[in-house]
Protein chains: 2
Amino acid sequence: MQNFTLHNPTRILFGQGRIADISQEIPAGARILITYGGGSVVKTGTLNEVKAALKDYTVFEFAGIEPNPTYETLMQAVELARREQIDFLLAVGGGSVIDGTKFIVAAIPFAGEPWDILAKHAEIKSTIPFGSVLTLPATGSEMNSGAVVTRRASNDKLVFASPLVYPLFSVLDPTKTYTLPTRQVANGVVDAFVHITEQYLTYPADAKVQDRFAEGLLLTLIEEGPRALQEPENYAVRSNLMWTATLALNGLIGAGVPQDWATHMLGHELTALHGLDHAQTLAVLLPAMLQVRREEKREKLLQYADRVWGLREGDQDVRIGQAIKYTRQFFESMQVSTRLSDYGIGSDAIPALVAQLQRHGMTALGEHQNFDIARSQQVYELAV
Amino acid sequence: MQNFTLHNPTRILFGQGRIADISQEIPAGARILITYGGGSVVKTGTLNEVKAALKDYTVFEFAGIEPNPTYETLMQAVELARREQIDFLLAVGGGSVIDGTKFIVAAIPFAGEPWDILAKHAEIKSTIPFGSVLTLPATGSEMNSGAVVTRRASNDKLVFASPLVYPLFSVLDPTKTYTLPTRQVANGVVDAFVHITEQYLTYPADAKVQDRFAEGLLLTLIEEGPRALQEPENYAVRSNLMWTATLALNGLIGAGVPQDWATHMLGHELTALHGLDHAQTLAVLLPAMLQVRREEKREKLLQYADRVWGLREGDQDVRIGQAIKYTRQFFESMQVSTRLSDYGIGSDAIPALVAQLQRHGMTALGEHQNFDIARSQQVYELAV
């Protein structure tokens, strides 16, 4: 096991009806800015439920944080918050709304150009406290300290992280996910799945607990993902998916082990240039990535084949191939297509994708920091 | 899954050499009281390593916190801390030292009789901050908010808990466990094992992640426990055991599921009246407890037989019996005996044990709060 530091201060309020408890977590007299996205939280009544729980506070709203939240939009919220002397924020939505709110709470008190937080990794010295009410299990943003923000002007997806942007609390009420469109549920399952493989399918590090936790989360997604599509109001299924997605990227399974993240980096360019959903990029790229890197990931792929897919007999290479095939079939069973061509993207798109990777300095990726542009190109080619 | 709130603010510093990092976690100028036990941390050099890391602070020491720490001893530390205006404590040791230190940090600023914290569950309104350097993986006290303190006068083991007694940080350096006596290593493994079963072997609650995490921890103990006895300086083995014992009782696997704890309650009386090590009591009682309660725990026992012991074929009752037998054999393989008679305790001791349970109000135990004195007596009888 590698040395690690683990500290996760977010308080989880899990279960049906927990929105009613949020006022216990927010200082009396706070001026609260509720942030949300395209309005589904208005339609479903979740926003009203939140506002009812906050009836004793002064509450403002900022709507319109888009999927892949943009710097341009978020800076409007920063201006509103500064103008209205907001001292608490509450993100109501999925990973994009929470990621965007993380940027907002860092930018409000930032002395200087907030853009530098993203472009120059400028140090964040203070933030406005915030909580979240999660409506879409997928990214784990509700219990971690990272965020991805897109600059519309240049179509760059930029990452920042700070221990000061953990949510103070997050409400995880599984019933709030009942009305999600199939595509969002499916994307969330695929996203969580690949978050886990980025921290698990690397090389052995004598980390038995982290491995078994990762395998437990993968097995849960495989069992519950398809059921979530068939039985949208099955509370047990939605509970298991929601908690799994949070644990997939809250620091726990990645503590003390090598991490990859190459699939994510190659995926970001697909979203930037072709507008694919984040999870679609992962479903397309992971099978190809594992195929191209099957030698360096051999031992963990065999463990994955055994413990996640029950493949224990016969030739090692056959087992690995079968595990990759089952992974692809699982994504397809979630109704997420796994070939670039399914999204109308052909080989002719690859040079531009590779050029983007080069421009972003993505030339030494993966758990060995040696996954180069030539091999990234191979992955894109295999993914067509 | 049941509703739950989960908030664990302890920062884990895991790995070889991490004691050197503790000064980054303690405010400059703090007056620190180091607490420890019988002196093994002096012999092993761990205390010196800690003091070297704290060379820029004013440091006091309090030695002699015993296994099953007593109120009488701990109050001496409270007096010292008050007299010397201590503003940070550092527990260096195992669960007893950390539990004891939790009581000390709560008692120092307590307005009133500190005994009430234990006897009357008096509310703890503030505490002195503290950290820990763990030398014995077993109890999970390094990352939870509970403690057990014994009153020597009456031989009562009393429990208290407060969100204010989470350690600010805990150092988990697996090399610090290399010199532990076999008995302590073995006890730690058994203790962690039963912490897990208390939260896992109850009834199904549609909590797939919690179940799989519990199973992953049990499997790790089963694999690594015996190896730890054979290869005391195997870093990977000690790392896995140390991290497992922490995760066994830090709130994670118990969130959203029913919990039992009857084995612990019956065990406390064995320690109080006969001086058995805590883990010895658990090794004796768990097999008998599972036998007596095999009907109410049937579904989870079958799952345990399948996923932890690989028992999938044949008659259900045979599988359950086999799983209980393997559990006993595992404890024995850790050199912890599993019959009361192995410790020289016969049936004649049972009336007094039952009377203690009655006196402590332990008349409705377990996940259904209906495990009564008559059935507790059955467990003691079966354990002879």
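The structure displayed is predicted, hence computed values, not measured ones.

The rules we used
Residues numbered from 1 in each chain as written. Chains lettered and ligands numbered in written order. Predicted model: local features only at pLDDT ≥ 70, side-chain atom pairs only at ≥ 80, totals over all residues. Helix = DSSP H or I, 4+ residues; strand = E, 2+ residues; numbered from the N terminus. Rg over C-alpha atoms; globule rule 2.2 N^0.38 Å. Buried ≥ 20, exposed ≤ 12 C-beta atoms within 10 Å, placed from the backbone. Contact = placed C-beta atoms within 7 Å. Least-squares fit on C-alpha atoms with pLDDT ≥ 70 in both. Expected span 1.5 Å × (residues − 1). Pairing = 2+ DSSP bridges. Axes fitted to C-alpha atoms, helices over the stretch in contact; angles between N-to-C directions. Core = buried A, V, L, I, M, F, W, Y, C linked by C-beta atoms within 7 Å. Nonpolar A, V, L, I, M, F, W, Y, C, P; charged D, E, K, R; others polar. Domains from an automatic or database assignment. Arc of directions from axis to C-beta. Left-handed = near helix turned anticlockwise from the far one by under 90°. Parallel < 35°, antiparallel > 145°, perpendicular 65-115°, else oblique. pLDDT = per-residue confidence, 0-100.

Looking only at helices and strands, one finds 14 helices and 8 strands in chain A. Relative to the globule expectation of 21 Å for 384 residues, the C-alpha radius of gyration of chain A, 20 Å, shows essentially globular dimensions. Of all 384 residues assigned to chain A, the portion counted as buried reaches 54%. If you take every contact in chain A between residues at least 6 apart in sequence, the share linking residues at least 24 apart comes to 78%.

Mapping chain A onto chain B leaves a residual RMSD of 0.0 Å; the transformation is a rotation of 180° accompanied by 0.0 Å of translation along its axis. On the angle and the small slide along the axis, the relation comes out as a two-fold axis. With an isologous cut-off of 70% or more, the 100% of interface residues of chain A that recur at the interface of chain B puts this contact in the isologous class.

Turning our eyes to something else, we now look at unusual backbone geometry. All names here are of chain A. Even without being a glycine, Gln-369 presents a positive backbone phi close to 50°. Among the secondary structure elements, Gln-369 is positioned in the loop between helix H13 (350–359) and helix H14 (373–383). Since 9 C-beta atoms lie within 10 Å of it, Gln-369 is described here as exposed.

A word on helix H6 (residues 182–200) of chain A. Along an α-helix, residues three or four apart share an orientation, since each turn contains 3.6 residues. Taking 1.5 Å as the rise per residue, H6(A) with 19 residues should run 27 Å; its terminal C-alpha atoms sit 27 Å apart, in good agreement. Of all 19 residues that make up H6(A), 17 are buried, and the element is covered over most of its length.

Our next topic: the sheet that holds strand E2 (residues 31–35) of chain B. Adjacent strands of a sheet pair through backbone hydrogen bonds, lying either parallel or antiparallel. The strand order E3(A)-E2(A)-E4(A)-E5(A)-E8(A)-E1(A)-E1(B)-E8(B)-E5(B)-E4(B)-E2(B)-E3(B) describes an open sheet built from 12 strands, whose pairing is mixed. Only two strands of the sheet have a single neighbouring strand rather than two, namely strand E3 (58–62) of chain A together with strand E3 (58–62) of chain B. Adjacent strand axes in the sheet meet at a mean angle of 25° when their direction is disregarded. Sitting on the sheet, helix H2 (residues 46–53) of chain B is in contact with E2, E3, strand E4 (88–93) and strand E5 (130–134) of chain B, with an inclination near 155° to E4(B).

With 241 residues, the main nonpolar core has Val190(A) and Val190(B) as its most contacted residues. Residues in contact with Val190(B), not counting those within four places in the same chain, are Ala279(B), Leu282(B), Ala283(B), Phe331(B), Met334(B) and Val336(B).

A few words on the interface of chain A and chain B. The partner chain B presents 32 residues to the 32 residues of chain A that form the contact. Put simply, the parts of the chain that give the side of chain A that touches chain B at least two residues each are strand E1 (4–14), helix H7 (208–230) and helix H8 (235–248) of chain A. Broken down by element, the residue count for the side of chain A that touches chain B peaks at 10 residues, all from H7(A). For the side of chain A that touches chain B, the per-class residue count stands at 14 nonpolar, 11 polar and 7 charged. Taken together, the 7 bridges between E1(A) and strand E1 (residues 4–14) of chain B define a ladder with antiparallel strand orientation.

Right, let's get into the domain arrangement of chain A. How large an interface is tends to be reported as the accessible area lost when its parts come together. Residue and element names in this part refer to chain A. For chain A, the assigned domains are domain 1 (11–176) and domain 2 (182–383). On a C-alpha basis, the centres of domain 1 and domain 2 stand 27 Å from each other. Counting residues at the interface gives 16 residues for domain 1, matched by 21 residues for domain 2. Among the residues forming the side of domain 1 that touches domain 2, the class breakdown is 7 nonpolar, 6 polar and 3 charged.

Let's shift gears to the pairing of strand E5 (residues 130–134) of chain A. Residue and element names in this part refer to chain A. The buried count for E5 comes to 5 of 5 residues, which makes it a mostly enclosed element. A two-sided burial pattern is seen for E5, the buried positions comprising Phe-130, Ser-132 and Leu-134 on one face and Gly-131 and Val-133 on the other. Pairing between strand E4 (residues 88–93) and E5: 5 bridges, direction parallel. Bridge pairing in E5 places Leu-90 opposite Gly-131.

For the rest of this paragraph, the subject is helix H3 (residues 71–83) of chain B. All names here are of chain B. With 13 residues, H3 extends 18 Å from end C-alpha to end C-alpha; this agrees with the ideal 18 Å at 1.5 Å per step. All of the buried residues in H3 are Tyr-71, Leu-74, Ala-77, Val-78 and Ala-81. Here the buried residues of H3 occupy an arc of 115° about the axis, which is enough to place them on one side. Within H3, the exposed residues directed more than 90 degrees away from the buried face are Glu-79 and Arg-83. Elements that come into contact with the buried residues of H3 comprise E2, E3, helix H4 (95–107), helix H5 (115–119) and strand E6 (146–151).

This paragraph deals with the packing of helix H13 (residues 350–359) of chain B against helix H14 (residues 373–383) of chain B. All names here are of chain B. Put simply, H13 and H14 touch, their axes get as near as 10 Å, and they point 145° apart. The chirality of how H13 crosses H14 is right-handed. Between H13 and H14, the residues in contact are Ile-350, Leu-353, Val-354, Leu-357 and Gln-358 and Ile-373, Ser-376, Gln-377, Tyr-380 and Glu-381, respectively. Taken together, the residues of the contact of H13 with H14 break down into 6 nonpolar, 3 polar and 1 charged.

Residues and elements named next belong to chain A. For the pair H6 and H7, the least separation of the axes is 10 Å and the interaxial angle reads 165°. Relative to H7, the element H6 is oriented roughly antiparallel. Relative to H7, the crossing made by H6 is left-handed. Where H6 approaches H7, its residues Thr-182, Val-185, Ala-186, Val-189, Ala-192, Phe-193, Ile-196, Gln-199 and Tyr-200 are matched on the opposing element by Asp-211, Ala-214, Leu-217, Leu-218, Leu-221, Gly-225, Ala-228 and Leu-229. Its residues assigned to classes, the contact of H6 with H7 comprises 13 nonpolar, 3 polar and 1 charged.

With that settled, the discussion passes to the environment of Ala383(B). All names here are of chain B. For Ala-383, the location among the structural elements is in helix H14. On a C-alpha basis, the gap between Ala-383 and Ser-341 in space is 8.2 Å, while along the polypeptide they are 42 residues apart. If sequence neighbours within four positions are ignored, Ala-383 has contacts with Val-284, Leu-285, Ala-288, Arg-339 and Leu-340.

Moving on, we come to the confidence of the model for chain A. Low-confidence regions, as indicated by low pLDDT, have predicted coordinates that should not be scrutinised in detail. Here chain A shows a mean pLDDT of 97. Residues at 70 or above account for 100%. Confidence estimates for the predicted assembly give a pTM of 0.97 and an ipTM of 0.97.

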